[in-house]
Amino acid sequence: MKIRNHSTSIIILSTVIIIYTLLFSVKKYIVHSIVLVNYLSSTCLFDYNCYIKKKAELERISEAISIKIKSANENSKNLEEQRLDIQNSEYNERKNSALYDSVLDKEDYLKKDANFDIKSIEDSLLLSVDFDSFLKNYTRVSGWPSEFPRNLIEYKKLVSQSHFSTEQDKWKYEIAPWVWHHKGSSKPNPKIKLEKAAIVVLVRNSELIDIMHSIRQLEDRYNHHYHYPYIFLNDRPFTKYFMDKVSLITPSNVTFSLIPSDHWSVPSFVDIKQAKISHRQLEAKGVNYATSMSYRKMCRFNSGFFYKHPLLQDLDYYWRLEPNVDFYCDISFDPFRMMKEQNKKYAFVIFLKEIKATIPSLWDHTLMYIKKNNIPTANKLLNMLTTPDGRYNLCHFWSNFEIGSLNWFRSKQYNDYFEYLDSTGNFYYERWGDAPVHTLAAGILLEKKDLMFFNDIGYRHDNFARWPSLISSIENEVKCQIPEYINNANNRKDVNDKIKLKNFDLDSNSCLDIWNSFHSNMSLIDPRSSITSDPNKLESLIENTEIFKSELSHIKDQKRFIRYINGP
């Protein structure tokens, strides 16, 4: 009987050993395997009474180990679930933030689902906002409406049916649910007096990576000294993900806002069918953004509406910042303060020629506006923009970098000119850019003394860059870092496609030499030209009606093209 019990015990123990060997194959429980080895080497292996005691102890150990293994497995499962939840949450957040076109090449998990409908996501923000989640990090703008229904359809309907005493009130109530303010961590420096100014950014949710790059550049080179606020504008609601990321990259105050529909929508007087025909004509000429309506909306907004935005009404100056730009030099002075002290209205860094095919009638309409309103042009900057034979030399201040007086843009003189241009519909029929519009407005209304060329600011946008010369840098103690090569902005998908950086100030297409040599009382019209009886005055050119007949011939060409497309 004892032997049979011993045989049974050996069989049982052998089975336990096999089970425990499998269990203890897990690395983290190797210590317990050593305990089992001690049991195997025990002299009581063939002593039944000793075995009974050891068996009970072994079962307790086994139960304890099983509990630990089960607990570890549960913890591992929970951790994995948490990890997946975090990953899925981050994925969904990024998906909802419409980052597909700028993050797609950088985030592998987004490549799994690149076909989601971004506009529908932004549309959902137009109709319903999770206010509780936004209010954790953001506040409403002081003095603005702050209470809204969670479902915004009724709110939008109520606003559209309401009567407001001013357009500003109308626009403010229209966009208020999508306006959020983030108070930065920066503290005011009592030694620095700030102007009533802001850095204004027109950007899409999809351009987050590029605008974060620009902000970091501007903060490092300039704004970490001053902490001027940022105002972000978008024709679609900003996502919380976009706002969170931007708020983390700068200690300055940041305000995010929707653009009023009046500022972005196509005017009712524009014939969309005719516009599309004109777009095809430009496309045939290989013009960039030839068929893009959103690009035209942007140019029109920057030409005549950005300064009307309710958030800018208490400001005197703005600095326009674009996505994916570089600042190569330390900016040790305050451009806003300099603009105010010298009574400047507009400032630039790059002066270049526009693509003629995009603005075929802009010069003609500008001359017509001058003639119709009897605007004097003596000593005005318009003389600098005129070729010897009385045409537009296409020079314009590149407006992706500009610092300007909002009071000048809000002036009746500027707005009268813009409204005249807008009434032609040619922001849509042609492809008028805001840069030549700003430039020609300055040409009509300002003298050279009213403008400033910020020579000490090194700047890049797309593949165009400029920086101060070595002599200028030494004289003004400018610290610059100029890369030898940059990524080709025309091939963003290939990070290895690099081009050698050149200073555009020295390029033949730069108009900087014209700026440097021009003074207000001179005229660039050739005295030998037969188009005017008094060639030293631009007024004589404007009075000559024959020039309008020849200059406007392209409009007849466009009409012929439309008839050709439509058929007889």
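Right above here is the structure, for reference.
For the structure given in this document, a descriptive report is provided here. (Residues numbered from 1 in each chain as written. Predicted model: local features only at pLDDT ≥ 70, side-chain atom pairs only at ≥ 80, totals over all residues. Heavy atoms only, no water.)

### Here's the deal with the overall build of the protein
And then number 1: Looking only at helices and strands, the protein has 24 helices and 15 strands in total.
And then number 2: In the protein, the proportion of contacts linking residues at least 24 apart, taken out of those at least 6 apart, comes to 78%.
And then number 3: Carbon together with sulfur atoms contributes 52% to the accessible area of the protein, which is approximately 29500 Å² in total. (Helix = DSSP H or I, 4+ residues; strand = E, 2+ residues; numbered from the N terminus. Contact = heavy atoms within 4.5 Å. Areas by Shrake-Rupley, 256 points an atom, 1.4 Å probe, with all protein chains shown as cover.)

### Observations concerning the state of the cysteines
And then number 1: Counting across every chain of the model gives two disulfides.
And then number 2: Across the disulfide from Cys-329 sits Cys-480; the S-S distance is 2.0 Å. When the S-S torsion is 105 degrees, as for the bridge of Cys-329 with Cys-480, the disulfide is right-handed. Taken together, the residues Cys-329 in the loop between β6 (325–327) and α14 (335–341) and Cys-480 in the loop between α20 (470–475) and β14 (485–487) connect sequence positions 151 residues apart.
And then number 3: Classification of Cys-480 by relative accessible area gives partly exposed; the value is 28%.
And then number 4: With a sulfur-sulfur separation of 2.1 Å, Cys-395 is cross-linked through a disulfide to Cys-511. The chirality of the disulfide connecting Cys-395 with Cys-511 is left-handed, given an S-S dihedral of about -85 degrees. In this pair, Cys-395 sits in strand β9 (residues 395–397) while Cys-511 sits in the loop between β15 (498–500) and α21 (512–517), placing the two residues 116 residues apart along the sequence. For the pair Cys-395 and Cys-511, one class covers both residues: buried. (Disulfide = S-S within 2.5 Å. Buried < 20%, exposed > 50% of the residue type's maximum accessible area, 1.4 Å probe, protein only.)

### Considering the pattern of salt bridges
And then number 1: What the rule picks out here adds up to 20 salt bridges.
And then number 2: The shortest N-O distance in the salt bridge between Asp-262 and Lys-170 comes to 2.9 Å. You can see Asp-262 sitting in helix α11 (residues 261–264) and its partner Lys-170 sitting in helix α8 (residues 167–175), a full 92 residues away along the chain.
And then number 3: Exposure remark for Asp-262: the relative accessible area of 30% places this residue in the partly exposed category. (Salt bridge = Lys/Arg side-chain N within 4 Å of Asp/Glu carboxyl O.)

### Brief notes about unusual backbone geometry
And then number 1: Although it is not a glycine, His-227 sits at a positive phi angle of roughly 60 degrees.
And then number 2: In this structure, Asn-343 takes a positive phi of about 55 degrees despite not being glycine.
And then number 3: By secondary structure assignment, the location of Asn-343 is in the loop between α14 and β7 (346–348).

### Let's talk about the pairing of strand β5 (residues 317–320)
And then number 1: The alternating pattern of β5 places Tyr-317 and Trp-319 and Tyr-318 and Arg-320 on opposite faces, both of which are buried.
And then number 2: As judged from the four bridges shared by strand β2 (residues 197–202) and β5, these two strands associate in the parallel manner. What sits directly across from Ala-198, in β5, is Tyr-318.
And then number 3: Inspection of the sheet shows β5 paired to strand β10 (residues 402–405) by four bridges, in the antiparallel sense. By the bridge assignment, Trp-319 is partnered in β10 with Ile-403. (Pairing = 2+ DSSP bridges.)

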